[in-house]
Amino acid sequence: MTLTVLFAATPALWEEFSAALSHAFADAGLDAALVLQADPAAVDYIVYAPSSPLEDFTPYTRCKAVLSLWAGVERIVGNQTLTMPLCRMVDPGLTEGMVEWVVGHTLRHHLGMDRHIVNPGQVWDPTCPPLARERPVAMLGMGALGTACAQALRALHFPVTGWSRTAKEVPGIPCLHGEDGLRQALSTAQIVVTLMPKTPETENTLNAERLSWLPQGAVILNPGRGALIDDDALLAALDTGAVGHATLDVFRVEPLPADHRYWTHPRVTVTPHIAADTRPSSASRMVAENIRRGEAGEPFVNLVDRVRGY
Ligand code: NAP
């Protein structure tokens, strides 16, 4: 019997994803119809993005899983009507994009590129940056994205320390957890990358106290979620130069309001939530693989733990 897969996202995403999803279903040997509308009781799977108006999942009585197109699921994870399995997006294309953003912005600060790119006084300053092996990096969040970014930086010889909720072993990367682990990771880091989900526990991970553990002038890159950082504490640390620069891709309110101090602060770079996008062809293969698993009675991959919130 043909499976009914409801595409619950904006029309713009339908343009981007419908052909890729249909191809991926066929490649996975699935007899599945991707639809924009259906009798809820006849829907087998829902492909979901937070832009969708769908909020009440109660009528979708046959639905075996909701498959998020987004890696971050904070807007849907607490939905009490969503009682079926929820899978988040782990997409090789998205991971590649994040690695490029993190490596690019790390190298910008490591090499001090701004001094030469914006040099109106034509200052000849032959100071050489240290080698990457002399520039410690802390990676807060060692999941799909954090681990890939940590490994890419490690391959360039940056001494990376990982920090996550649970203990981890990643070859070549010392991994810490807990409050003591965070203090240890931050107290030596010249560059900090925050790649955790937004949950009640991760909110304000970088607060005033923890920012004070950083060496003077450390740089923060946040492609995770805006709520990971206490904005007022960060601005205060930037004002004094205790934090040397913050490159921020994500914010509590998006788009970042026009009057927000981040736009004009000389020590802040704003990028408009572009660190990593879900890529239709590779992401569609992940969606198809989970539907194939569901139909074969195999466990779903990238299942969200509702209690943990990610
Ligand atoms: P993931 O695989 O679920 O990894 C999350 C990591 O955060 C894990 O290492 C987890 O620890 C850690 N973590 C969670 N709660 C924690 C806590 N209370 N204390 C310490 N560590 C904690 O997620 P991912 O795929 O790497 O994605 C990470 C986030 O990136 C997403 O949630 C999303 O917010 C963001 N993102 C941003 C963009 C963008 O364009 N800016 C694009 C995609 C994703 P454990 O390993 O111990 O579980």
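No experiment lies behind these values; they were computed from the predicted model shown.

**Overview of the domain arrangement of the protein chain**
Phase 1: Its domain assignment divides the protein chain into domain 1 (3-91 + 278-296) and domain 2 (93-270).
Phase 2: On a C-alpha basis, the centroid separation for the pair domain 1 and domain 2 is 33 Å.
Phase 3: Of the roughly 660 Å² buried where domain 1 meets domain 2, counting both sides, 52% is carbon and sulfur surface.
Phase 4: Of all residues in domain 1, E74, D91 and R279 give up the largest surface area on contact with domain 2, accounting jointly for 58% of the area buried on that side.
Phase 5: Its salt-bridge partner being E74, residue R225 comes within 2.6 Å of it at the nearest N-O pair.
Phase 6: On the surface where domain 1 and domain 2 come into contact, there are five residue pairs in polar contact (both at pLDDT 80 or more).
Phase 7: A breakdown of the residues in the side of domain 1 that touches domain 2 according to their chemical character gives two nonpolar, three polar and four charged.

**Quick notes on helix α1 (residues 11-27)**
Phase 1: Taking 1.5 Å per residue as the helical rise, α1 with its 17 residues ought to reach 24 Å, and the 24 Å between its terminal C-alpha atoms agrees with that figure.
Phase 2: Residue F17 marks the point of greatest curvature in α1, where the axis turns by about 45°.
Phase 3: Of the positions making up α1, those classed as buried are L13, F17, S18, A20, L21, A24 and F25.
Phase 4: One or two steps after α1, the chain reaches G29, where phi turns positive at roughly 75°.

**A few points about the sheet that holds strand β10 (residues 218-222)**
Phase 1: Pairing within the open sheet is parallel, and its seven strands lie in the order β8-β7-β6-β9-β10-β11-β12. Lying at the two open borders of the sheet, with one neighbouring strand each, are β8 (175-177) and β12 (268-270). For this sheet, the mean angle separating the axes of adjacent strands, direction not counted, is 15°.
Phase 2: Inspection of the sheet shows β10 paired to strand β11 (residues 243-248) by five bridges, in the parallel sense. Counterpart to A218 in the pairing with β11 is V243.

**Things to note about the nonpolar core**
Phase 1: Core analysis: the biggest nonpolar cluster contains 31 residues, and L140, V192, L214, I220, L234 and Y262 have the highest contact counts within it.
Phase 2: Elements supplying a minimum of two residues to this core: β6 (137-140), α5 (178-188), β10, α7 (231-240), β11 and β12.
Phase 3: At five residues, α7 tops the list of elements feeding residues into this core.
Phase 4: Setting aside residues no more than four positions away along its own chain, L140 makes contact with W163, L182, L186, V192, V193, T194, L195, M196, T205 and L206.
Phase 5: Judged by nonpolar contacts, the second largest core, of 27 residues, contains M98, V137, L153 and F158.

**Side note on the pattern of salt bridges**
Phase 1: Applying the stated criterion across every chain, the model contains 12 salt bridges.
Phase 2: When the shortest N-O distance is used, the salt bridge between R252 and E203 registers 3.7 Å. Of this pair, R252 sits in the loop between β11 and α8 (261-264) while E203 sits in the loop between β9 (191-194) and α6 (208-211), placing them 49 residues apart in sequence.

**Quick notes on the pairing of strand β3 (residues 45-48)**
Phase 1: Where burial is concerned, the two faces of β3 agree: the one with Y45 and V47 and the one with I46 and Y48 are both buried.
Phase 2: Relative to β3, strand β1 (residues 3-8) is paired through four bridges, and the arrangement is parallel. In the sheet register, F7 faces β3, and the bridge partner there is V47.
Phase 3: Sheet topology places β3 next to strand β4 (residues 65-68); four bridges connect them, and they run parallel. Along β4, the bridge assignment pairs Y48 with S68.

**What to know about a nonpolar patch on the surface**
Phase 1: On the surface, a nonpolar cluster with roughly 370 Å² of combined accessible area is contributed by L111, M113, I117 and V118.
Phase 2: In this structure, M113 sits in the loop between α2 (92-111) and α3 (114-117).

**Quick word on unusual backbone geometry**
With the exception of glycine, most residues fall at negative phi, and the peptide bonds are largely trans.
Phase 1: With an omega of -5°, the peptide bond between E254 and P255 qualifies as cis.
Phase 2: With respect to the secondary-structure elements, P255 resides in the loop between β11 and α8.
Phase 3: Phi at Q122 takes a positive value of approximately 50°, unusual for a residue other than glycine.
Phase 4: With relative accessibility at 71%, the residue Q122 sits in the exposed group.
Phase 5: Within the chain, N204 stands out as a residue other than glycine whose phi angle is a positive 55°.
Phase 6: Mapping N204 onto the fold places it in the loop between β9 and α6.

**Let's talk about the environment of W263**
Phase 1: One can find W263 in helix α8.
Phase 2: Taking the C-alpha atoms as reference points, W263 and M196, separated by 67 residues in sequence, lie 23 Å from one another.
Phase 3: Only 3.1 Å separates the side chain of W263 from the backbone oxygen of L256, close enough to count as a polar contact.
Phase 4: Of the polar contacts made by the side chain of W263, one reaches the backbone oxygen of P257; its length is 3.0 Å.

Definitions and limits used
Starting from 1, residues in each chain are numbered consecutively following that chain's sequence as written. Where local features are concerned, this predicted model is filtered to residues with pLDDT of at least 70; where side-chain atom pairs are given and counted, the filter is 80 or more; whole-chain, interface and lining totals use all residues. Excluded from the side-chain calculation are hydrogens and water; included are all heavy atoms of the structure. An automatic or database domain assignment supplies the start and end points of every domain. Two parts placed together each lose some accessible area; with a 1.4 Å probe, that loss summed over both constitutes the buried area. Salt bridges, as used here, are contacts in which a Lys or Arg side-chain nitrogen is within 4 Å of a carboxyl oxygen on Asp or Glu. In protein, a polar contact requires one atom able to donate a hydrogen and another able to accept it; more generally it is a pair of N or O atoms within 3.5 Å, and residues adjacent in sequence count only if both atoms are side-chain atoms. All amino acids are sorted into three groups, where Ala, Val, Leu, Ile, Met, Phe, Trp, Tyr, Cys and Pro are nonpolar, Asp, Glu, Lys and Arg are charged, and the leftover types, Gly among them, are polar. Every helix listed is a DSSP run of H or I at least four residues long, and every strand listed is a run of E at least two residues long, numbered separately from the N terminus. One less than the number of residues in a helix, times 1.5 Å, gives the span that helix is expected to have. Two axes define the bend at a residue: one fitted to the seven residues ending there, one fitted to the seven starting there, and the bend is the angle between them. Only protein chains enter the accessibility calculation, which uses a 1.4 Å probe; a residue is then buried when its area is under 20% of its type maximum, exposed when over 50%, and partly exposed in between. A strand pair is defined by DSSP finding two or more bridges across the two strands. Every axis corresponds to a line fitted to the C-alpha atoms, with the helix fit spanning only the stretch in contact, and the corresponding angles, defined between N-to-C directions, vary from 0 to 180 degrees. Buried residues of nine kinds, namely Ala, Val, Leu, Ile, Met, Phe, Trp, Tyr and Cys, make up a nonpolar core once their side-chain atoms join them within 4.5 Å. The contact criterion used throughout is that any non-hydrogen atoms of two residues lie within 4.5 Å. Here, patches come from residues exposed beyond 30% relative accessible area and free of salt bridges, joined within 9 Å for like charges and within 5 Å for nonpolar side chains (Val, Leu, Ile, Met, Phe, Trp, Tyr). Surface exposure here means Shrake-Rupley accessible area, sampled with a 1.4 Å probe, where a residue is shielded only by the protein chains that are shown.

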